[in-house]
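# Understanding the architecture of this molecule
Here is how the chains run, residue by residue.
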Amino acid sequence: MSLTGRGQNRMLSPKMQRMQRSIRINDGQLLGLAEKARYDCVLAGHLYKRCSDSNKWLLRWFRLYQNLLFYYDSEQSTKPTGVIFLEGCYCERLLTTGTNSQPNGTKPGKDGDEKSFCFGIMYRRENQRQYELRADTVSECKAWIDAIKMASFNKLLLQKEELEQKHLHLLQVVESEKTAKWQYTRHCEDLTVEIKKLREELFTLKKEWRLLPQKQSFGPNSRRPSEADEDEEEE
């Protein structure tokens, strides 16, 4: 069993392209991932898969795990029939399904409604296989398309980088607030010291003011100036 769709996509970031080139996976690892998909899949359900060599549609059980889309012969199957590597793909509804595209065992919908149930998994790289799948309802089709569009490590890396930038910004804001708080605290401490000094000076002035009348008072033997002396001073 090989990892389908291992081609690199020119739209991926260089970091992701290097990651893809380094991927080496064997059957044992793939079965291990398929086992994890049984308990930790994003989405699971029946889909019709169009054969690559014919117009026949085969009903398969699909499980979406990370950026791998496993498909099985039935829901009870333990080993996947195949796997689609979703990294670098784009997924969208198909406007037409081609000739003889009606899945085996199903009846055509009215007014061509069956066309809206089909979607494709495609790659921009040339000569890379495209996949055509079909759901039973429009809502299921939309759910699969939305889930597959999000099944990309490249998108996760971009989200991670965005979160890291936000985290860095928040750290800078926190550091700035800490600095402002330290400056404000230091300013308050300086004001407290200044207030303490002013209180001490005020206390000293009040103490001197209380002693001031005693220095200007006359003793019992001191001579008070007479009115004549005062008149002479005035002249």
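Being a predicted model, the structure only gives us computed values, none of them experimental.

Criteria and thresholds
Residues numbered from 1 in each chain as written. Predicted model: local features only at pLDDT ≥ 70, side-chain atom pairs only at ≥ 80, totals over all residues. Heavy atoms only, no water. Helix = DSSP H or I, 4+ residues; strand = E, 2+ residues; numbered from the N terminus. Buried < 20%, exposed > 50% of the residue type's maximum accessible area, 1.4 Å probe, protein only. Lys, Arg positive; Asp, Glu negative; His and termini not counted. Salt bridge = Lys/Arg side-chain N within 4 Å of Asp/Glu carboxyl O. Contact = heavy atoms within 4.5 Å. Pairing = 2+ DSSP bridges. Patch = residues over 30% accessible without salt bridge, like charges linked within 9 Å, V, L, I, M, F, W, Y side chains within 5 Å. Areas by Shrake-Rupley, 256 points an atom, 1.4 Å probe, with all protein chains shown as cover. Charge placed at Lys NZ, Arg CZ, Asp CG, Glu CD.

### Observations regarding the side chain of Lys49
By the secondary structure assignment, Lys49 is in strand β1 (residues 43–50). One buried charge, Lys49, has no salt-bridge partner; the nearest side chain with opposite charge is Asp53, at 8.1 Å. When residues no more than four places from it in sequence are discounted, the contact partners of Lys49 are Lys56, Trp57, Leu58, Phe62, Tyr71, Arg129, Tyr131, Glu132 and Leu133.

### Thoughts on the pairing of strand β3 (residues 68–72)
Of all 5 residues in β3, 5 are buried; the element is thus mostly enclosed. Going residue by residue along β3, you find Leu68, Phe70 and Tyr72 tucked away on one face and Leu69 and Tyr71 tucked away on the opposite face as well. Two elements, strand β2 (residues 57–65) and β3, share 5 bridges in a ladder whose sense is antiparallel. Counted as the bridge partner of Leu64 is Leu69 from β3.

### Section: a negative patch on the surface
A contiguous patch of negative charge, built from Glu189, Asp190, Glu194, Glu200 and Glu201, is present on the exposed surface. In this structure, Glu200 sits in helix α4 (residues 153–216). Residue classification places Glu200 among the partly exposed residues on the basis of a relative accessible area of 45%.

### A closer look at unusual backbone geometry
Although it is not a glycine, Gln66 sits at a positive phi angle of roughly 55 degrees. When you line up the elements, Gln66 lands in the loop between β2 and β3.

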